[in-house]
Amino acid sequence: MSERKQCVAMLLAGGQGSRLVPLTKTTAKPAVPFGGKYRIIDFPLSNCVNSGIDTVGVLTQYQPLELNDYLGRGDPWDMDLRYGGLHVLPPYEGEAGADWFQGTANAIYQNLRFIRRYNPQYVLILSGDHIYKMDYRIMLEEHIKNKADCTISVIDVPLEEASRFGIMTTDSTGRITEFHEKPAKPNSTLASMGVYIFSTDKLIKYLEEDEKNPDSANDFGKNVIPLMLNSGERMFAYLYGGYWKDVGTLDSFWAANMDALGDLPELYLNDPEWRIYYRHGNTHPEFMGAEAKVTNSIVGDGGSMYGTVDSSVIFSDVAVEKGCVVNDSVIMSDCLLRENAKVSHAIIGENVTVGRDTVIGEALDAGELTVIGPNIEIPDGTVIGAGQIINSAEDLPAQKQEGGR
Amino acid sequence: MDAAGIILADNMANLSRELTTRRTLAAVPFGAKYRQIDFSLSNMVNSGINNVGIIMSQHYDSVMHHVQSGAVWDLDRKLAGLRYLPPLAAPGSSMSNGSRTESLRSNLIYISELKEKYLVLCGSGYVGNIDFTAMLDHHIGSNADITCFFSNNVANQTPLYKRMGLVTDSDGRIRSFDASQQEAMNCELAMSTCVIKREFLFELIDWLESALKTGTPQGVLQQMFTEMNIYAHITDELVIYLEDLCTYLAGNLALLDYDVRKQLFHAPSGPVITKTKDSTGTRYSETANVSNSLIADGAVIEGEVRNSVIFRGARIKKHAVVENCVIMQDSTVGEGAHLNYAILDKEVLINDGRMLSGYLTHPFYCKRNERI
């Protein structure tokens, strides 16, 4: 087949997500569950399908088993195609030896053969750790209209947060004049979203040049973008006005889940015009018991609910027994909350059993976020205070010995 | 398993027409996110049958649209898999007759080309989580000509074999039935789900066609019980009949019982598999108040829901009260509306403040796309 693809997407999904531990203890960040039904990577992948991009290379590296299983042949995103579609691209051994992906740019460099196969005019670079709904077609149209070599999607952030991002300054036409990766004293509030469109020939040219520099960290933000800018290439910022959140930390991950709640949520997941696709399990419908009270929440299916839940995101196959009270929390799949457990302002990873009368976290206004890693059994009556991060059963507070039981 | 499956996606078991004016019984939505055929297909696949034909009658577009390639049941195979068997497959067969004998005859070419020794025929008048391997073992063990499936454990009706007054030997061989019972009228209904040696089916069809030319259905059924080795395989596997609106409502509401859900969704034979819709989680607003109900994903609940089954994408607005109801996919109950014992088919709109009420024996039914 010689059909040419106009735009191919490369999704950087190898990140370890060290700031999301314990959620990323055994899985790559893009495979972390989100929003009751989804995983983080469903957002960029669904954005691709909804934007008419059907060819995506997913670059994996850290803990890829669960992610690979999840991606499969790409069928949930309609990307199980004979020509194009979803391809998982792990590091590999070549003639010159085997290399892990050194940086984001190196990961793409090592897979230029994949890009060349489809001979696209444009390459869209995405990362697997952002929650947003975005039509890449509009950005691509801008890129073409500007005759740009590279277009970087940006959002306007508060000045005090700007030093966490790649910050750029533009002229009146939107052309980028300066770019600083995580500047100490930002002089602009236009922050890179980690979404880039490159004209393919320029991408190849600068990736090859960057590879030749032994001092380079082979990173787009640190090396390739400054190199292109210094060489006088046409680089434009595309200002995106919709919802976007970097879920790289436990707090921002929790906050993004909360953003999906409410009657007019910031992150609207029920939009039939911009569906987020995901791989399903065979879960039956959720049962709401006679004493259940669920308000301002999103609940997956397959579980049974006998307790009180407010302002929370509950995933599939979660059982909440009688007398439980859950507030402002994210509870992932296959958890069991035994009778009278109390969970406030917390994230509970997959397959956790919370014992009877256990108390996890403190009220939202009282303290910090509490996080329980996946696959932990918490004994009856445990008290886990605000701000605690439980990686494994060893981190649990010592049990008080009660007499007579 | 040395058996191929044939799903009889017809309306034989359907005694009232409301739910099937625009769809076949196999496509009737059930249990908040399923259609009837999901149960038949899952039972087949969970029993190790991976060659499945679907014999269709009228309105089969809904079945085809739902099942598609069968990929969700892993039936999109190279060497076996799913086969649609629409009517008029053979010259000379007529749609107007529409009997099961007729539809099986139209598909004799397909059936003759199968390699499996046995056929599992599966009707569409019920849902259940059934292990067909046990039925096949019984069939082989008793050297029967036909082994029919009956359940002792029906959530919403008297079991059919009781209503028919079947008389069996201690080993399960059927000897006679009570011809005075109305349910005994239709011998095809009795044979809804059965296992039969594939070679014997050809004989049986010829025999039935000539017998039915002269005999009454009851007479032919009695003759079959006398002349052939027909066995009843009576199990305790949970079954819910979908015979008419009343059994449909009662059958859905039966799912609110923990034991019924456990037997249907968590049976050892395997899960019930259905097509996915990429719905988001169920959304409960500040004003939601839900108790003792089964709620599918993608539903939006702002009002009160009690003792009801709510399908995907349904919306219950503020101050609405929905009790003892089945609300199908994408239907909306307006603000302040009160519904009791109602069945809303798909995409129904109940405007604000409407009061609708039926009873268990007389459910209030709104057909698809209706506006009230």
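### What about the side chain of S316 of chain A?
Positionally, S316 of chain A belongs in the loop between β21 (313–314) and β22 (319–320). Ignoring sequence-local partners within four residues, the contact set of S316 of chain A consists of G36, K37, T283, G300, D301, S333 and D334 of chain A.

### Observations concerning the interface of chain A and chain B
Listed as interface residues are 34 residues of chain A and, on the opposing side, 35 residues of chain B. Where chain A abuts chain B, roughly 2800 Å² becomes buried across the two surfaces, and 46% of that area is made up of carbon and sulfur atoms. Between the two partners, chain A and chain B, sit 2 salt bridges. Among the salt bridges present, the one from D297 of chain B reaches K37 of chain A, with a minimum N-O distance of 2.8 Å.

### What about the nonpolar core?
If you look at the biggest cluster of nonpolar residues, it comprises 69 residues, and the most contacted ones within it are I41, L45, L124, L126, Y136, F253 and I347 of chain A. The dominant element in this core, judged by the number of residues it contributes, is helix α8 (residues 250–258) of chain A, at 5 residues. Leaving out residues up to four positions away in the same chain, L45 of chain A has contacts with L11, V56, L71, W77, M79 and L86 of chain A. The next biggest cluster of nonpolar side chains, apart from the first, holds 67 residues, and it includes L41, M56, V67 and V120 of chain B.

### A closer look at the sheet that holds strand β11 (residues 194–197) of chain B
One key point about sheets: their strands pair by backbone hydrogen bonds, in either a parallel or an antiparallel sense. Residue and element names in this part refer to chain B. Spatially, the 7 strands line up as an open sheet ordered β5-β4-β1-β6-β11-β8-β12, and their pairing is mixed. Either end of the sheet is taken by a strand with one partner, and the two such strands are β5 (81–85) and β12 (230–235). Within this sheet the neighbouring strands show an average axis-to-axis angle of 20°, counted without direction. Strand direction decides the pairing type here: strand β6 (residues 118–122) and β11, joined by 4 bridges, are antiparallel. Across the sheet, L121 pairs through a bridge with C194, a residue of β11.

### Some points on the state of the cysteines
Applying the stated rule across the entire model yields 0 disulfides over all chains. Just so you know, C48 of chain A is unpaired, no disulfide at all, and the nearest cysteine sulfur is the one on C7 of chain A, 8.0 Å from it. Judged by relative accessible area, C48 of chain A falls into the buried class, the value being 0%. Cysteine C122 of chain B remains unbridged, with the sulfur of C194 of chain B as its closest cysteine sulfur at 9.7 Å.

### Brief notes about the pattern of salt bridges
All names here are of chain B. With the rule as written, the count across this model stands at 30 salt bridges over all chains. Measuring nitrogen to oxygen at the nearest pair gives 2.7 Å for the salt bridge that ties R105 to D206. Linking R105 in helix α3 (residues 100–106) with D206 in helix α8 (residues 198–214), this pair joins segments that are 101 residues apart in sequence. Where R306 meets E323, a salt bridge forms, and the shortest distance between an N and an O atom there is 3.4 Å. Of this pair, R306 sits in strand β18 (residues 304–306) while E323 sits in strand β21 (residues 321–323), and the two are 17 residues apart along the sequence. Given the relative accessible area of 28%, R306 is considered partly exposed. Taking relative accessible area as the criterion, E323 reaches 24% and is therefore assigned partly exposed.

### Comments concerning helix α5 (residues 132–142) of chain B
Residue and element names in this part refer to chain B. By the burial criterion, the buried members of α5 are F132, M135, L136, H139 and S142. The arc that holds every buried residue of α5, seen down its axis, measures 145°, which confines them to one face. Facing away from the buried side of α5 by more than 90 degrees, the exposed set consists of D137 and G141. Tucked into the core, α5 has its buried residues touching β1 (3–9), α1 (36–46), β6, β8 (146–151), β11 and β12. The first or second residue beyond α5 is N143, which carries a positive phi of 55°.

### Brief notes about the packing of α8 of chain B against helix α9 (residues 217–227) of chain B
Residues and elements named next belong to chain B. At a closest axis distance of 10 Å, the pairing of α8 and α9 adopts a crossing angle of 140°. By the criterion of interaxial angle, the relationship of α8 to α9 is oblique. α9 is crossed by α8, and the crossing has right-handed handedness. Of the residues in α9, those in contact with L204, W207, L208, A211 and L212 of α8 are P217, V220, Q223, M224 and E227. The residue makeup of the contact of α8 with α9, split by class, is 8 nonpolar, 1 polar and 1 charged.

### A short note on the packing of helix α6 (residues 200–212) of chain A against helix α7 (residues 220–230) of chain A
Residue and element names in this part refer to chain A. Contact geometry of α6 with α7 gives a least axis separation of 10 Å together with a crossing angle of 115°. By crossing handedness, the relation of α6 to α7 is classed as right-handed. Contact residues: α6 offers K202, L203, Y206, L207, E209 and D210, while α7 offers F220, N223, V224, L227 and M228. Residue composition of the contact of α6 with α7, by class: 7 nonpolar, 1 polar and 3 charged.

### A short note on the domain arrangement of chain B
Residue and element names in this part refer to chain B. You can read the domains of chain B as domain 1 (3–265) and domain 2 (283–366). If you average the C-alpha positions of domain 1 and of domain 2, the two centres end up 32 Å apart. With 19 residues of domain 1 at the contact, the number on the domain 2 side is 23 residues. Both faces combined, the contact of domain 1 with domain 2 buries some 1700 Å², and carbon together with sulfur accounts for 73% of it. Contact with domain 2 buries surface across domain 1, with A32, L249 and L256 losing the most and accounting together for 35% of the total. Inspection of the region where domain 1 meets domain 2 yields 1 salt bridge. Taking the shortest distance from any N to any O, the salt bridge between D345 and R23 comes out at 2.7 Å. At the surface where domain 1 touches domain 2, the tally comes to 4 residue pairs in polar contact (both at pLDDT 80 or more). Of all the secondary structure elements, the ones that give two or more residues to the side of domain 1 that touches domain 2 are β2 (29–30), β3 (34–35) and α10 (245–254). With 6 residues, the single largest contributor to the side of domain 1 that touches domain 2 is α10.

### Overview of the pairing of strand β11 (residues 166–170) of chain A
All names here are of chain A. Where burial is concerned, most of β11 is hidden: 4 out of the 5 residues are buried. Linking β11 back to strand β12 (residues 176–181) in an antiparallel pair, the connection comprises 5 residues, with G174 at a positive phi of about 95°. One ladder, built from 2 bridges, connects β11 with strand β13 (residues 190–199); its direction is antiparallel. Paired with I167 across the strands is A191, a residue of β13.

### Some words on the environment of V123 of chain A
Residue and element names in this part refer to chain A. Tracing the chain through its elements places V123 in strand β8 (residues 122–127). Using a relative accessible area of 0% as the deciding quantity, one classes V123 as buried. With 74 residues separating them along the chain, V123 and V49 place their C-alpha atoms 15 Å apart. In this structure V123 touches V8, M10, I115, Y196, I197, F198, T200 and L203, once residues within four positions along its chain are discounted.

What counts as what
- Residues numbered from 1 in each chain as written.
- Chains lettered and ligands numbered in written order.
- Predicted model: local features only at pLDDT ≥ 70, side-chain atom pairs only at ≥ 80, totals over all residues.
- Heavy atoms only, no water.
- Helix = DSSP H or I, 4+ residues; strand = E, 2+ residues; numbered from the N terminus.
- Contact = heavy atoms within 4.5 Å.
- Buried area = accessible area lost by both parts, 1.4 Å probe.
- Salt bridge = Lys/Arg side-chain N within 4 Å of Asp/Glu carboxyl O.
- Core = buried A, V, L, I, M, F, W, Y, C linked by side-chain atoms within 4.5 Å.
- Buried < 20%, exposed > 50% of the residue type's maximum accessible area, 1.4 Å probe, protein only.
- Pairing = 2+ DSSP bridges.
- Axes fitted to C-alpha atoms, helices over the stretch in contact; angles between N-to-C directions.
- Disulfide = S-S within 2.5 Å.
- Arc of directions from axis to C-beta.
- Parallel < 35°, antiparallel > 145°, perpendicular 65-115°, else oblique.
- Left-handed = near helix turned anticlockwise from the far one by under 90°.
- Nonpolar A, V, L, I, M, F, W, Y, C, P; charged D, E, K, R; others polar.
- Domains from an automatic or database assignment.
- Polar contact = N/O pair within 3.5 Å; in protein donor to acceptor, adjacent residues only side chain to side chain.

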